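Here are the chains, one letter per residue:
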Amino acid sequence: MSLSITIPIRIESEANLREHHMAKARRVKKQREAVAWAFKTVSCEDKLNAIAPLMVQPLSITLTRIAPRVLDSDNCQRGFKAVRDQIAQELGINDGDEKAATWEYRQRKGKAKEYAVQISIE
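For clarity, every value in this text was computed on a predicted model and none was experimentally measured. (Residues numbered from 1 in each chain as written. Predicted model: local features only at pLDDT ≥ 70, side-chain atom pairs only at ≥ 80, totals over all residues. Heavy atoms only, no water.)

A. Region of the structure containing the nonpolar core. In this structure, Phe 39, Ile 61, Val 83, Ile 87 and Ile 119 are the most contacted members of the largest nonpolar core, which totals 27 residues. Counting only elements with at least two residues in this core, the list comes to β1 (3-7), α1 (21-41), β2 (59-67), α4 (81-91), β3 (101-109) and β4 (116-121). Excluding residues that lie within four positions of it along the chain, Ile 87 makes contacts with Val 35, Phe 39, Ile 61, Leu 63, Trp 103 and Ile 119. (Core = buried A, V, L, I, M, F, W, Y, C linked by side-chain atoms within 4.5 Å. Buried < 20%, exposed > 50% of the residue type's maximum accessible area, 1.4 Å probe, protein only. Helix = DSSP H or I, 4+ residues; strand = E, 2+ residues; numbered from the N terminus. Contact = heavy atoms within 4.5 Å.)

Listed below in structure tokens is the structure:
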């Protein structure tokens, strides 16, 4: 059983951004709202099917960044912080608890000006 959601948001290298703290707060808020909205549009049956394995084993959550250029692995993972926090909130789990979920980060090259995040929960 799995759940896959693609959200049109841009994940950037936060380590390399030199931005005002309010600009960062707005970006984080937009990312979290996009994830929350995407989870609201998924049917209850699909959510239950994805969460049911949680009772016996950790969920496997894969976050894939789709963009024209790839980031190095540590910048990719750091860029997903707000997305990961919101997914954990939506699923009702602690994102730091390895007994609840394991997290994997991937990247896929997209077309010019194509930015998105694919969330896969198994």
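B. Expanded view of the environment of Gln 107. Examined against the element boundaries, Gln 107 turns out to sit in strand β3. Distance from Gln 107 to Val 117, taken between C-alpha atoms, is 9.1 Å for residues 10 residues apart in sequence. Other than its neighbours up to four places away in sequence, Gln 107 contacts Thr 64, Arg 65, Val 70, Leu 71, Asp 72 and Cys 76. For Gln 107, the side chain forms a polar contact with the main-chain oxygen of Leu 71, separated by 2.6 Å. (Polar contact = N/O pair within 3.5 Å; in protein donor to acceptor, adjacent residues only side chain to side chain.)

C. Just the layout of surface pockets, in detail. Volume-wise, the largest pocket comes out at about 150 Å³. Lining the largest pocket, in full, are Arg 10, Ile 11, Glu 12, Ser 13, Arg 65, Ala 67, Pro 68, Arg 69, Val 70, Leu 71 and Tyr 115. For the lining of the largest pocket, the class distribution of residues is 6 nonpolar, 1 polar and 4 charged. (1 Å grid on protein atoms, 1.4 Å probe; cavity = no way out; pocket = protein on both sides within 12 Å on 5 of 7 lines; lining within 4 Å. Points joined across faces, edges and corners; volume = space filled by probe spheres on them. Nonpolar A, V, L, I, M, F, W, Y, C, P; charged D, E, K, R; others polar.)

D. Representation of the pattern of salt bridges in the model. A full pass over the atoms with the stated rule returns 4 salt bridges. Residues Glu 19 and Arg 27 are paired through a salt bridge, measuring 2.2 Å at the closest nitrogen-oxygen approach. We classify Arg 27 as buried; its relative accessible area is 12%. Notably, a salt bridge pairs Lys 81 with Asp 85, separated by 2.7 Å at the nearest N-O pair. Taken together, the residues span about one helical turn, with Lys 81 and Asp 85 both in helix α4 at a distance of 4 residues. (Salt bridge = Lys/Arg side-chain N within 4 Å of Asp/Glu carboxyl O.)

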